[in-house]
Amino acid sequence: MSEQPETYTAAAEVGAVRKRRTRLERAGLLLKSAPPSAWFGMIVVTLYILVAIFADVLAPYGEAEIHPAAFAPWSDEFFFGTDQIGRDVLTRLIYGARNTMGIALATTFLSFLIGGGLGLAAAINRSWLDQALSRFVDVLMAIPSLIFALMLLSIFGSTITSLILIIAVLDSTRVFRLTRAVAVNVAVMDYVEAAKLRGEGLSWIMRREILPNIMPPLVAEFGLRFCFVFLTIAALSFLGVGIQPPTADWGSMVRANASLIQFAKYDMTAAITPLLPAAAIALLTVAVNFIVDWFLQKTSGLRDDK
Amino acid sequence: MTNEPDASNEILLEMRGIRIDGYSDEQWHPIIKGVDLTLRRGEIMGLIGESGAGKSTLGKAAMGYTQPGCKLTGGSIMFDGIDLAKASDREKRKLWGTRIAYVAQSAAASFNPAHRLIDQTVESSTRRGIRPDAESRADAVELFRALQLPDPETIGSRYPHQVSGGQLQRVMTAMAMSPRPDLIIFDEPTTALDVTTQVEVLAAMRNIVEEFNTAAIYITHDLAVVAQMADFIQVLRYGEEVEQAPTRQMLTKPEMPYTKSLWSVRALEKPEVKGEDIVLSIDHVDAAYGPLKVLHDVSISLPRGRTVAVVGESGSGKSTTARVMTGLLPPLTGTIMFNGEPLPPALKDRSKDQLQRIQMIYQMADTAMNPRQTVETIIGRPLEFYLGLTGKAREERVIELLKMIELDGSFLDRLPSELSGGQKQRICIARALAAKPDIIICDEVTSALDQIVQEGILKLLLRLQKEFNITYLFITHDIATVKAISDEIVVMFEGKVVEQGLKSEILSPPFPEYTQLLLSSVPEMDPDWLTNLLAARSA
């Protein structure tokens, strides 16, 4: 605002504009403003990811390696003891990170692909397609998802593929609802109409005109959905229809060693063993939620005025 | 209210050296840079300037109020012996709503939709104990009557959504008037209204302020409106006073070059040229949104290289006509002819070439551009889509287009949020231009802009028309804009075409009844215009 020309020129209307920052600079600024809870969340998630990637290096034994001593106590040889058939608990915790998180991530991505894609299409189309999809989703949502998943898994068998597909489809109903709701608001903007008038196809309008403008709620939802998928997988594994042995996973580990809790009066560490995978799940869920909370606060514009 | 200021009256409000800073981009910027203002009892002062000039901020400061994100950094605000700049919030609250009242631009957004109008009108009088509730209610009915609201006895029992925008604005004036304040601040109260409604609201506000000898600050960017209302006018720019003078003197002999340029805006006029070669025509078109029929037997033709202006108040079917032409709303009956061939009624049946030749520019440039796309993408997409330009060729063409609209290559990387209102509209023009169209449909493209920016956009459109022989369909409710840009005029009312013809024919008598009403409602730069008009209408 330093220059104030007497006569009118269009280019001078808005003078000095902040210089465009690169993506990296913007990310740096963003990180600097992160509150401690978000930092905690990011550090925990990073650690989990590192453990999952380097599982082979970190784990002292093989994933399904069986040792002679079942239910061995905590010792130097078996840091967290062994389980009911003599597998090292620490090893299986480490591999569990890879399996459970990998499957949860794949499932969440898939559910966003299905739910998000259909939600956008329904929001743009608004005709019979919207009606058909929305009603179908209503029906799916009316059935308790855990019971429905149990039923489907017992029909199709508990392979990893069917596990991913079934949970993804069931979860995509929520994603569909959210995407449709936020996309409908954007779909009525003039720039979407302008794109239609230009003759753009559905795919361009979805990807380039609407999607970038509804990203914040979707990203936040992604974090939350990831936690729920994670919990669903753990719950299904606990019930015995989730990830099947010998693949290590945290839900079934809780189930296999659950009976150890009653030995608390003899050996405290034995009782803690089944709680370790549960704690791993809880910690990750809390960490992801911290990050999501921070992200939501950043994008919702409901920041406290300084 | 066109008396010369009377120096004998007692000074009600005196603001000295007001400085206000606003917080944006992580630092404080001055918004108001030392403005003085003096208002005596019973005077009406007009405060004009472009958006961003600080007129609303100054108006609110007269109440001792600053918006969140703004702070008063200097100066004194003496209101009847009280320094509002130093007064506590508690003291100020006692004055607000009783001795100082504020009428906001959007009445619809300022009323609580859950309460009846009369309850909201008397709230401040009753709750502050100015008079008993029953008296306040009786008084409110009198105010409704004085403001010429229909059914003054019963209109108060309605809810805000049950009255029209113009009526709501008058109820809001009654609400401000109810505690008999010493000062009322009107912040663009008629900007959102149609011209025909605006006249009624202006007359009502002027009468009531005159009747109770209330002092008022009238904030607007419309010079013709302020000329009707104010005793004297203060012009603001960049948070500084440009000029201040009694209304008549200001209108006839403005001194500063900036004020003169403001005044000259409305003088822009294009000589009309008759066009023969019809590029697009719609013939006996009926159209409806669901069961609601909005267009009745509408026929309009656009001669090549000319501008056809469609005028009418909101709800008259102007924009719907545009939607029919673009194919967004296929008509029920009737045909659309383009370059002598029938054009498919629905958008999806039109060829890419047909789509390319009809482009559209929207009223709100804000919502017409994707906020996540840079200027280069916005202008570049039609180039890529229709003309297959990519990479370097595309970028060069975008810069060329930017130069055509008087901007330059430094804008390539900007997002719409980094542009001013006028620049945004220019980018939209460039986007339409990029497709090399035959026709551009302009839907109220200048109505959201300041006068000077409007003039710039209109001149640009005229120049582009000359250079590329483009045909415009120009939808507007502003007669000054019509005079400036059109060759032919179509007057619409309630979904029907009232008149169509050359500008000179339409704008000269004899007028059909509706055209007469529309034309006479457009404020003129004459302080006596409203008085004369009201006298003529009641006669």
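Predicted model, so just to flag it, every value in this text is computed and none were measured. (Residues numbered from 1 in each chain as written. Chains lettered and ligands numbered in written order. Predicted model: local features only at pLDDT ≥ 70, side-chain atom pairs only at ≥ 80, totals over all residues.)

Asker: Explain the pairing of strand β12 (residues 292-303) of chain B here, please?
Answerer: Every regular strand shows the same layout, with side chains that alternate between the two sheet faces. Residues and elements named next belong to chain B. Sheet topology places strand β11 (residues 278-289) next to β12; eight bridges connect them, and they run antiparallel. Looking at β12, one finds that Y289 is bridged to L292. Between the end of β11 and the start of β12, which pair antiparallel, lie two residues, with G290 showing a positive phi angle near 60°. (Pairing = 2+ DSSP bridges. Helix = DSSP H or I, 4+ residues; strand = E, 2+ residues; numbered from the N terminus.)

Asker: Explain the environment of D283(B) here, please?
Answerer: Residues and elements named next belong to chain B. Mapping D283 onto the fold places it in strand β11. Expressed as a C-alpha distance, the spacing of D283 and V298, which sit 15 residues apart in the sequence, is 6.6 Å. In this structure D283 touches S299, G334, T335 and M337, once residues within four positions along its chain are discounted. (Contact = placed C-beta atoms within 7 Å.)

Asker: Would you mind going over the domain arrangement of chain B with me for this structure?
Answerer: It is common to report an interface's size as the accessible area lost on association of the parts. Residues and elements named next belong to chain B. As far as domains go, chain B holds domain 1 (43-64 + 88-266) and domain 2 (278-367 + 438-508). Each of domain 1 and domain 2 has a C-alpha centre, and the two are 34 Å apart. Where the side of domain 1 that touches domain 2 is concerned, the elements lending two or more residues are α7 (195-211) and α10 (257-264). In terms of residue class, the side of domain 1 that touches domain 2 is made up of three nonpolar, four polar and three charged. (Domains from an automatic or database assignment. Nonpolar A, V, L, I, M, F, W, Y, C, P; charged D, E, K, R; others polar.)

Asker: Hey, could you run me through the sheet that holds strand β18 (residues 471-476) of chain B in this one?
Answerer: Strand pairing in a sheet is mediated by backbone hydrogen bonds. Such pairs are either parallel or antiparallel. Residues and elements named next belong to chain B. Pairing is mixed across the open sheet formed by six strands, whose spatial order is β16-β17-β18-β13-β19-β20. Both edges of this open sheet fall to β16 (358-361) and β20 (496-502), since each of them pairs with a single strand only. Averaged over all pairs of adjacent strands, the angle between their axes in this sheet comes to 15°, without regard to strand direction. Summarising the sheet, β16 and strand β17 (residues 439-443) pair through four bridges and their orientation is parallel. Counterpart to I358 in the pairing with β17 is I439. In this fold helix α16 (residues 421-434) packs onto β16 and β17, with an angle of close to 175° to the strand it touches most, β16. (Axes fitted to C-alpha atoms, helices over the stretch in contact; angles between N-to-C directions.)

Asker: I'm lost on the packing of helix α4 (residues 89-125) of chain A against helix α7 (residues 160-187) of chain A in this one. Help?
Answerer: When two helices pack together, their arrangement is given by the angle between their axes and by how far apart the axes lie. Residues and elements named next belong to chain A. Interhelical geometry of α4 versus α7 gives an angle of 35° and a closest axis separation of 5 Å. Taken as a pair, α4 and α7 cross one another with a handedness that is right-handed. Across the contact of α4 with α7, the residue classes tally to 21 nonpolar, eight polar and two charged. (Left-handed = near helix turned anticlockwise from the far one by under 90°.)

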